[in-house]
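Residues per chain, in single letters:
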Amino acid sequence: MKSVQVAIDGPSGAGKSTIAKELSKKLGFVYIDTGAMYRAVGLYVVNKGISIHDEAGVVAVLDDIDIDIYYKDELQHINLCGEDVTHLIRTPEISMAASKVSSYMKVREKLVDMQRKLGEKYSVIMDGRDIGTCVLPNANVKIYLTADVKVRAKRRFDELIEKGQDVTYEYVLSDMEKRDYDDSHREHSPLRRADDAIELDTADLTLEESIAAVRRIISERTGI
């Protein structure tokens, strides 16, 4: 069977990764978390003491950054220069770093090339900010997930608290509002709904209902 590409875009906290992971298991597709790849770049830059606002400094170390995606116990892991950083890239600081470095054209070129090659090789569900508009413009299915920012911030806050992180809801909300603005106003490949994407608001849906709704869309578009 010819490979199938499913592109899921949307702002932070809309449920993209959770839904994509679950459906990739159900459908036997490869799940690609593109946001994690940008987070890995952000983590590398922060650890090297390079300002995330120093575009030239970030670009200068790109060739030193080696990112690998692998699966262990059915979970996607991110390997950065030989180290598993799966859990280190999920802090608010690295989220903001990822949002900033992803605005740089050279960073996007490096990672988009990696993502497209994966999309050509496997049947994939890929989520991010510009999958349907830039990375996989000819994807079989394009979905734009969204929800009110306060709903998304509460979801992210609960997730971070469950992981034992010391954050406040107000901080997470402020961080998410800034990231929404940065992602949608960046010069290169800003966050937006592709013209042929189906928009799904998950604010009033449970996780199970959201998964079922996305599954129906994929089935309607592909017959799978």
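Attention in this report is confined to the structure presented alongside it. Counting restarts for each chain, with residues numbered from 1 along the sequence as it is written. pLDDT decides what is reported in this predicted model: residues at 70 or higher carry local features, side-chain atom pairs at 80 or more are listed and counted, and totals for whole chains, interfaces and linings draw on all residues regardless. Excluded from the side-chain calculation are hydrogens and water; included are all heavy atoms of the structure.

Our next topic: the sheet that holds strand 4 (residues 75-80). Pairing between the strands of a sheet comes from backbone hydrogen bonds, and it takes one of two forms, parallel or antiparallel. Strand order in this open sheet of three strands is 3-4-5, and the pairing throughout is antiparallel. Unpaired on one side and paired on the other, strand 3 (67-72) and strand 5 (83-84) mark the two borders of the sheet. Should DSSP find at least two bridges between two strands, the strands are regarded as paired. Strands are runs of DSSP state E lasting at least 2 residues, helices are runs of H or I lasting at least 4, and numbering of each runs from the N terminus. One ladder, built from two bridges, connects strand 4 with strand 5; its direction is antiparallel. From the neighbouring strand, Leu 80 faces strand 5, where its bridge partner is Glu 83.

This paragraph deals with the environment of Leu 200. As for its position among the elements, Leu 200 is in strand 8 (residues 198-201). Along the backbone, Leu 200 and Ser 210 are 10 residues apart, and their C-alpha atoms lie at a distance of 8.5 Å.

Okay, the pairing of strand 6 (residues 124-128) next. Within strand 6, five of the five residues are buried, leaving the element largely enclosed by the surrounding structure. Covered by surrounding structure in strand 6 are Val 124, Met 126 and Gly 128 together with Ile 125 and Asp 127, the residues of both alternating faces. Where strand 1 (residues 5-9) meets strand 6, five bridges bridge the pair, whose relative direction is parallel. Among the inter-strand pairings, Val 6 is bridged to a residue of strand 6, identified as Ile 125. The pairing of strand 2 (residues 30-33) with strand 6 spans four bridges and is parallel. Bridge pairing in strand 6 places Asp 33 opposite Asp 127. Any residue under 20% of the maximum accessible area for its type is buried, any over 50% is exposed, and the rest in between are partly exposed; the area is computed with a 1.4 Å probe on protein chains only.

Any Lys or Arg side-chain nitrogen found within 4 Å of a carboxyl oxygen on Asp or Glu counts as a salt bridge. Scanning all chains against the criterion turns up 15 salt bridges. Residue Glu 22 pairs with Lys 26 through a salt bridge whose shortest N-O separation is 3.8 Å. Placement of both Glu 22 and Lys 26 in helix 1 (residues 16-27) is noted, with a separation of four residues, approximately one turn of the helix. Residue Glu 22 is classed as partly exposed on the basis of its relative accessible area, which comes to 30%. Glu 109 is paired through a salt bridge with Lys 106; the nearest N and O atoms lie 3.8 Å apart. Of this pair, Glu 109 and Lys 106 both sit in helix 5 (residues 105-121), separated by three residues, roughly a single helical turn.

Val 41, Ile 65, Ile 67, Ile 78 and Leu 80 are the most contacted members of the largest nonpolar core, which totals 36 residues. When residues of this core are traced back to their parent elements, those giving at least two are helix 2 (34-47), strand 3, strand 4, helix 4 (92-101), helix 5, strand 6 and helix 6 (131-135). The dominant element in this core, judged by the number of residues it contributes, is helix 2, at eight residues. What makes two residues a contact is simply this: any of their non-hydrogen atoms within 4.5 Å. If we skip the residues at most four places from it in the chain, Ile 65 touches Val 41, Tyr 44, Leu 80, Cys 81 and Lys 110. Core analysis: the next-biggest nonpolar cluster, separate from the first, contains 20 residues, Val 6, Ala 20, Phe 29 and Ile 217 among them. To define a nonpolar core, start from buried Ala, Val, Leu, Ile, Met, Phe, Trp, Tyr and Cys residues and group those joined through side-chain atoms within 4.5 Å.

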